[in-house]
Amino acid sequence: MFCSRRAGLVRRLWQQRCAAASPEDGPSALKLAAHALFKKLKDEELELLVQVVESRGARESGCVLAPRGDPRGVKQVPPQVLLCRLFRWPDLHQSHELKHLCYCAGGQGSCGDLAVLCCNPHHFSRLAVPETPPPPYLKASCGPSWPDEPQHPSSQLLEFSYNDASLSWSTIKDGCWCKLAYWEYRTRVGRLYAVHEASVNVFCELPWGSGFCLAQLPAAYRSCAVRRARGKIGRGLLLSREPGGVWVYNRSEHPIFVSSPTLSPPGTCRLAVLKVLPGYSAKVFDYGWAGDREGWQLPREGPCDPHSIRISFAKGWGPCYSRQFITSCPCWLEVLLNQPH
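Just so you know, these numbers come straight off a predicted model, no measurement behind them. (Residues numbered from 1 in each chain as written. Predicted model: local features only at pLDDT ≥ 70, side-chain atom pairs only at ≥ 80, totals over all residues. Heavy atoms only, no water.)

Visitor: Would you mind going over the pattern of salt bridges with me for this structure?
Guide: Any two side chains of opposite charge can pair, on the condition that their charged atoms come close. Enumeration according to the criterion identifies 10 salt bridges in this entry. One salt bridge connects glutamate 184 with arginine 222, and the closest N-O pair in it is separated by 2.7 Å. Highlighted residues: glutamate 184 in strand E5 (residues 178-184) and arginine 222 in the loop between strand E8 (211-213) and helix H6 (224-230), separated in sequence by 38 residues. On the accessibility criterion, glutamate 184 (6% relative accessible area) is buried. Looking at arginine 222, the relative accessible area reads 16%, which means it is buried. Several salt bridges converge on common partners, so that one network encompasses Asp91, Glu97 and Arg126. (Salt bridge = Lys/Arg side-chain N within 4 Å of Asp/Glu carboxyl O. Helix = DSSP H or I, 4+ residues; strand = E, 2+ residues; numbered from the N terminus. Buried < 20%, exposed > 50% of the residue type's maximum accessible area, 1.4 Å probe, protein only.)

Encoded structure:
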């Protein structure tokens, strides 16, 4: 590749950097480190990086392989941390804050060459950690009530989920590792979606994407709240089965909220709800922990399926929100897991 073309690609990359810089990164130090790394990339790797960054990860792409040695510069950081800080998270500090996504082949030398590693910034997510919860929500102090909230919360999960015969264990023992049910408030929309591959995209708008497209699910009527919530799903999420458990990666531009029996500590009085910000991922189900939670029940919520995950798009629920139960959320996903053999 001619030097002028490489210089043009580097200029395009630099134009896509995050506007804000980390406090410890002066503009000149970051530029020196980034340009030193760009020089080490092969021509095809540099072109791929430009495509990935300019599309903001809209399409799945190959690995951008770089030498494992730190790039030269005032600040010495691993290549993947440098590019993730430059193009996605200016406040990123260490590599242990990152997780390789399931489709990355160059994460731990699985590409076949231990001398290089993947530094594609869209092959990584940040790890979500539980937040310190705010005080419980007091509906009486916040104005008008929520008309969509169920009037009988003590029975809603039993009535709207576990008594649905189409969601029983007999329907999911057909070779798939999970089935997905999409809900709008208390109404299930469309059929169950069986997942056979190790990962699946769930989305409304994902260019060149494949998986469970919620935009294709018809409904006789959708309220304004549902339409607004669906408009925030966008690229949605990536659900993946990995060693020991199930992970979710938030690909959208809005938070998602996740609950499962294994996210709650033993002896809890209710299910914990984890907020997963855009670009973050979390292990939302642990197969090892689930084995100890057969047939358990939560106060005021009825029986809890120990092999299920619930994910609400954009709207949270629980004691810190106006919505106390997930069936008060306009758009949510139920993941029914098959037990591993």
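Having seen the structure, we can now continue with the description.
Visitor: Explanation requested: the nonpolar core in the structure shown.
Guide: Judged by nonpolar contacts, the single largest core of 38 residues is most densely connected at Leu180 and Leu239. Among the elements that line this core, the one with the most residues is strand E13 (residues 280-286), at 4 residues. Within the second largest apolar cluster, 24 residues are counted, among which are Leu9, Phe38, Leu41 and Phe87. (Core = buried A, V, L, I, M, F, W, Y, C linked by side-chain atoms within 4.5 Å.)

Visitor: Is there a simple way to explain the pairing of strand E6 (residues 187-195) in this structure?
Guide: Side-chain direction in a regular strand flips from residue to residue, so the side chains alternate between the two faces of the sheet. Relative to E6, E5 is paired through 6 bridges, and the arrangement is antiparallel. Within E6, the residue paired with leucine 180 across the bridge is tyrosine 193. Between the antiparallel neighbours E5 and E6 lie 2 residues, among them tyrosine 185 with a positive phi of about 55 degrees. (Pairing = 2+ DSSP bridges.)

Visitor: What am I meant to see in the confidence of the model for the chain here?
Guide: Do not read the fine detail of predicted coordinates wherever pLDDT is low. For the chain, mean pLDDT is 80; residues scoring 70 or higher make up 74% of the total. In the model, residues 137-173 has pLDDT below 50 throughout and makes 69 contacts with residues more than four positions away in sequence or in other chains. (pLDDT = per-residue confidence, 0-100. Contact = heavy atoms within 4.5 Å.)

Visitor: Please clarify how the pairing of strand E9 (residues 237-242) should be interpreted in this entry.
Guide: Counting buried positions along E9 yields 5 of 6 residues, so the element is predominantly enclosed. Sheet topology note: the E9/strand E10 (residues 245-250) ladder contains 6 bridges and is antiparallel. Residue leucine 237 lies in a different strand from E10, and its bridge partner there is asparagine 250.

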